[in-house]
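Structural description and commentary
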Amino acid sequence: MQQDTARSEKIFLVGMILSMTCWGISWTSGKILSSYSGPIIISFLRFAFTFLSLLFILPILKSKLTIAKAGLLDLVCAAIMISIYTFLFFRGLITGKPGAGGVLVTILNPIISYFIMLVMNRRRPTRNEVIGLALGISAGVILLKLLTDASDIFRAGNLYFLFASVSWAILSVFTSRSSRYGEPVTFSFYMYGISTLIMLFFTDWNAVLTTLQSGDGIFWFNLFFSATVTTAIATTFYFVATAKIGASRASSFIFLVPFSASLGSWFFFNEIPQVNTIIGGVLGIGAVLILNRK
């Protein structure tokens, strides 16, 4: 029994590490995709291909397709929030740098998520939590250059990345409750289906066809990586984790993302990490680790 538990924990650990690495590289992949079309078109294609990927994955996992009626509100809210996040993600990448954006968003996600959890639970933070949140706020101030150049927040996609962090933190609250209504993978399946319909409402179908017809091998590879590998597999695994160990605890693994995001953007776009990105990233990692200490 103990061996089975230890084995499942190792699989879970490896799965989270690989998922977070994929998240980091997805910033570089997203930057490449954003050069082919607008954020709404790319978001729609990503959701549609993710939905189709999960359509094949669900039978392999032998997951049930039923969701409790009580979870419909959370499901719709989650679909709306991930639609907003994905749009902001691609919109920010049009002008912003993938390495800096990957560090900013993934560092602020767990910090904002923790704030939301404290407010929802109506409790005061402990001493460790105060220290962690203070470090997190300091990390955000440094990453956004609020002390040296506050106007920088309105440039290079930073404002979009900041709002993306907030939307993802709110999204985590809804996905953390997904196991109450059925299997988290099934919850993700319906969530991406609804998100596809939401984006379809704002999508120019002619622009979609043009993008697909003009897409080369690089486009299709990055669309597959972004939709199937990063979203259908890695993000769904993260949602399973939030349902299993909670949103704030699962967020502790996010500190792996800034490194892979920075390395990917450095390798593909020659984006050398700036001093504020390094210092803010280190402080943010320290904040997340302190917030998740037992």
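Definitions and cut-offs
Residues numbered from 1 in each chain as written. Predicted model: local features only at pLDDT ≥ 70, side-chain atom pairs only at ≥ 80, totals over all residues. Heavy atoms only, no water. Axes fitted to C-alpha atoms, helices over the stretch in contact; angles between N-to-C directions. Helix = DSSP H or I, 4+ residues; strand = E, 2+ residues; numbered from the N terminus. Parallel < 35°, antiparallel > 145°, perpendicular 65-115°, else oblique. Left-handed = near helix turned anticlockwise from the far one by under 90°. Contact = heavy atoms within 4.5 Å. Expected span 1.5 Å × (residues − 1). Buried < 20%, exposed > 50% of the residue type's maximum accessible area, 1.4 Å probe, protein only. Arc of directions from axis to C-beta. Core = buried A, V, L, I, M, F, W, Y, C linked by side-chain atoms within 4.5 Å. Phe/Tyr/Trp six-rings, centres within 6.5 Å; stacked < 30°, edge-to-face > 60°. Lys NZ or Arg CZ within 6 Å of the ring centre and 35° of its normal. Patch = residues over 30% accessible without salt bridge, like charges linked within 9 Å, V, L, I, M, F, W, Y side chains within 5 Å. Areas by Shrake-Rupley, 256 points an atom, 1.4 Å probe, with all protein chains shown as cover. Salt bridge = Lys/Arg side-chain N within 4 Å of Asp/Glu carboxyl O. Polar contact = N/O pair within 3.5 Å; in protein donor to acceptor, adjacent residues only side chain to side chain. pLDDT = per-residue confidence, 0-100. Nonpolar A, V, L, I, M, F, W, Y, C, P; charged D, E, K, R; others polar.

Contact geometry for helix α3 (residues 72–95) and helix α6 (residues 158–175): axes closest at 8 Å, N-to-C directions at 160°. Compared by their axis directions, α3 and α6 come out roughly antiparallel. Note on packing geometry: the crossing formed by α3 with α6 is left-handed. Only Tyr160, Phe161, Phe163, Ala164, Ser167, Trp168, Ile170, Leu171 and Phe174 of α6 make contact with α3, whose side of the interface consists of Asp74, Cys77, Ala78, Met81, Ile82, Ile84, Tyr85, Leu88, Phe89, Arg91, Gly92 and Leu93.

Over its 17 residues, helix α5 (residues 127–143) runs 24 Å from end to end, which matches the ideal 24 Å to within 8%, given 1.5 Å per residue. Where α5 is concerned, the buried positions are Glu129, Gly132, Leu133, Gly136, Ala139, Gly140 and Leu143. All buried residues of α5 lie within an arc of 115° about the axis, which places them on one face of the element. Backbone geometry just downstream of α5 places Lys145 in the positive-phi region, at approximately 55°.

The next point concerns helix α2 (residues 39–61). Counted at 1.5 Å a residue, the expected span for α2 with its 23 residues is 33 Å, and the 31 Å between its end C-alpha atoms agrees. Note on α2: the residue one or two positions beyond its end, Lys62, has a positive phi of about 55°.

Before going further, it helps to spend a moment on the nonpolar core. Counting residues in each nonpolar core, the largest one holds 58 residues, and the members touching the most others are Met20, Trp23, Trp27, Leu45, Tyr85, Leu171 and Met191. Per-element accounting of this core gives the leading share, 10 residues, to α3. Membership of the second largest hydrophobic core comes to five residues, among which are Ile111, Tyr114, Leu118 and Leu133.

All right, on to the packing of aromatic side chains then. One pass over the structure, following the stated rule, counts 14 aromatic pairs. Considering the side-chain rings of Phe219 and Trp220, the 5.4 Å spacing of their centres and the 80° angle between planes classify their relative orientation as edge-to-face. The positively charged end of Arg46 is found above the aromatic ring belonging to Phe89, 5.3 Å away from the centroid.

Glancing now at a nonpolar patch on the surface. Judged by side-chain polarity, Leu197, Leu200, Trp205 and Leu209 come together as a nonpolar surface patch covering roughly 390 Å² of accessible area. Those elements giving two or more residues to the nonpolar patch turn out to be α7 (184–201) and α8 (205–214). Note on placement: Leu197 falls in helix α7. By relative accessible area, which is 58% here, Leu197 ends up exposed.

On the secondary structure map, Ser29 appears in helix α1 (residues 2–33). Classification of Ser29 as buried rests on a relative accessible area of 3%. A polar contact of 2.9 Å, which involves the side chain of Ser29, links it to the side chain of Asn222. Ignoring anything within four residues of it in the chain, the contact list for Ser29 reads Asn222, Phe225 and Ser226.

Right, let's talk about the confidence of the model for the protein chain for a bit. Here the protein chain averages 81 in pLDDT, while 85% of its residues score no lower than 70. By mean pLDDT, helix α10 (residues 247–250) is the weakest element of the protein chain at 61, and α3 is the strongest at 92.

Further remarks concern the packing of helix α4 (residues 98–121) against helix α11 (residues 257–269). One way to put it is that α4 packs onto α11 with a least axis distance of 8 Å and a crossing angle of 170°. Relative to α11, the element α4 lies roughly antiparallel. In this structure, α4 uses Pro98, Gly99, Gly102, Val103, Thr106 and Ile107 to contact α11, whose residues at the interface are Val257, Pro258, Ala261, Ser262, Ser265 and Phe269. Taken together, the residues that form the contact of α4 with α11 break down as seven nonpolar, five polar and no charged.

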